[in-house]
Amino acid sequence: QVQLVESGGGLVQAGGSLRLSCAASGRTFSSLVMGWFRQAPGKEREFVAAISRSYGATMFAVRAESVKGRFTISRDNAKNTVYLQLNSVKPEDMAVYYCAARGDTSWNDNRVRASTYYDSWGQGTQVTVSS
């Protein structure tokens, strides 16, 4: 099991930026596939972005269509942290954002989009967008 703690949520104006962080502990971070999901009130949890473990200097990433060009996922293995940079935030981005993790030696663009793929979750951080 991996312990995940999100931070960085808060109030942001539409069009603004915010950076979410997720600190991991309990397993070798560089071996983890990391994902971000979000859940708005009354809606199902939805995939936002995921990033692969490190394969030397190479990593893979995938994002939901709704956030492409606006959100960026990255990781710092030295800090055991994954980030989600939110730019050009829209009112529909308002949700609780969750970090998720799974140890996996392989990468599959489709598999990492499913919440059931992950076996560890953080407690979530609220992002509120004012228009």
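Bear in mind that the values here come from a model prediction, so they are computed numbers and not experimental data.

**Digging into the overall build of the protein**
Thought 1: From N to C terminus, the protein includes zero helices and eleven strands.
Thought 2: Along the protein, helices and strands appear, N-terminal first, in the series β-β-β-β-β-β-β-β-β-β-β.
Thought 3: Since a compact globule built from 131 residues should have a radius of gyration of about 14 Å, the 14 Å found for the protein is in line with a globular shape.
Thought 4: Seen along its three principal axes, the alpha-carbon backbone of the protein occupies a region of about 40 × 25 × 25 Å.
Thought 5: In the protein, which comprises 131 residues, the proportion classed as buried is 45%.
Thought 6: At a minimum sequence separation of 6, the contacts of the protein that also span at least 24 residues come to 61%.
Thought 7: Of the accessible surface of the protein, which amounts to about 6,400 Å², a share of 46% is contributed by carbon and sulfur atoms.
Thought 8: Computed over 15 positive and 10 negative side-chain charges, the inter-centroid distance for the protein is 4 Å.

**Things to note about the pattern of salt bridges**
Thought 1: Throughout the structure, instances matching the rule amount to six salt bridges.
Thought 2: Here D93 and R38 are joined by a salt bridge, their closest N and O atoms 2.9 Å apart. Taken as a pair, D93 in the loop between strand 8 (81–86) and strand 9 (95–103) and R38 in strand 4 (residues 32–39) lie far apart in primary sequence, 55 residues in all. Across the pair, R38 and D93 agree in class, each one buried.

**Regarding the packing of aromatic side chains**
We describe a pair of aromatic rings using the distance from one ring centre to the other and the angle between the two ring planes.
Thought 1: The tally for this structure, following the rule as stated, stands at seven aromatic pairs.
Thought 2: For the ring pair F60 and W107, a centre distance of 6.5 Å and an interplane angle of 20° mean the geometry is stacked. Placement of the pair is F60 in the loop between strand 5 (46–51) and strand 6 (61–63) and W107 in the loop between strand 9 and strand 10 (120–121), with a sequence separation of 47 residues.
Thought 3: Here F60 falls in the partly exposed class, since its relative accessible area comes to 38%.
Thought 4: Between Y118 and W121, the aromatic rings sit 6.1 Å apart at their centres with planes inclined by 70°, giving edge-to-face as the arrangement.
Thought 5: For Y118, a relative accessible area of 6% gives the class buried.

**Comments concerning the state of the cysteines**
Where two cysteines share a covalent bond between their sulfur atoms, that bond is called a disulfide.
Thought 1: The tally for this structure, following the rule as stated, stands at one disulfide.
Thought 2: A sulfur-sulfur distance of 2.1 Å marks the disulfide that ties C22 to C99. Judged by the sign of its S-S torsion, about -80°, the bond between C22 and C99 is left-handed. Note that C22 is positioned in strand 3 (residues 18–25) and C99 in strand 9, a separation of 77 residues in sequence. For the pair C22 and C99, one class covers both residues: buried.

**Some details on the environment of R102**
Thought 1: Positionally, R102 belongs in strand 9.
Thought 2: Spatially, the C-alpha atom of R102 lies 9.4 Å from that of V112, the residues being ten residues apart in sequence.
Thought 3: Beyond its immediate sequence surroundings of up to four residues, R102 is in contact with S31, L32, V33, Y117, Y118 and D119.

What counts and how
- Residues numbered from 1 in each chain as written.
- Predicted model: local features only at pLDDT ≥ 70, side-chain atom pairs only at ≥ 80, totals over all residues.
- Heavy atoms only, no water.
- Helix = DSSP H or I, 4+ residues; strand = E, 2+ residues; numbered from the N terminus.
- Rg over C-alpha atoms; globule rule 2.2 N^0.38 Å.
- Buried < 20%, exposed > 50% of the residue type's maximum accessible area, 1.4 Å probe, protein only.
- Contact = heavy atoms within 4.5 Å.
- Areas by Shrake-Rupley, 256 points an atom, 1.4 Å probe, with all protein chains shown as cover.
- Lys, Arg positive; Asp, Glu negative; His and termini not counted.
- Charge placed at Lys NZ, Arg CZ, Asp CG, Glu CD.
- Salt bridge = Lys/Arg side-chain N within 4 Å of Asp/Glu carboxyl O.
- Phe/Tyr/Trp six-rings, centres within 6.5 Å; stacked < 30°, edge-to-face > 60°.
- Disulfide = S-S within 2.5 Å.

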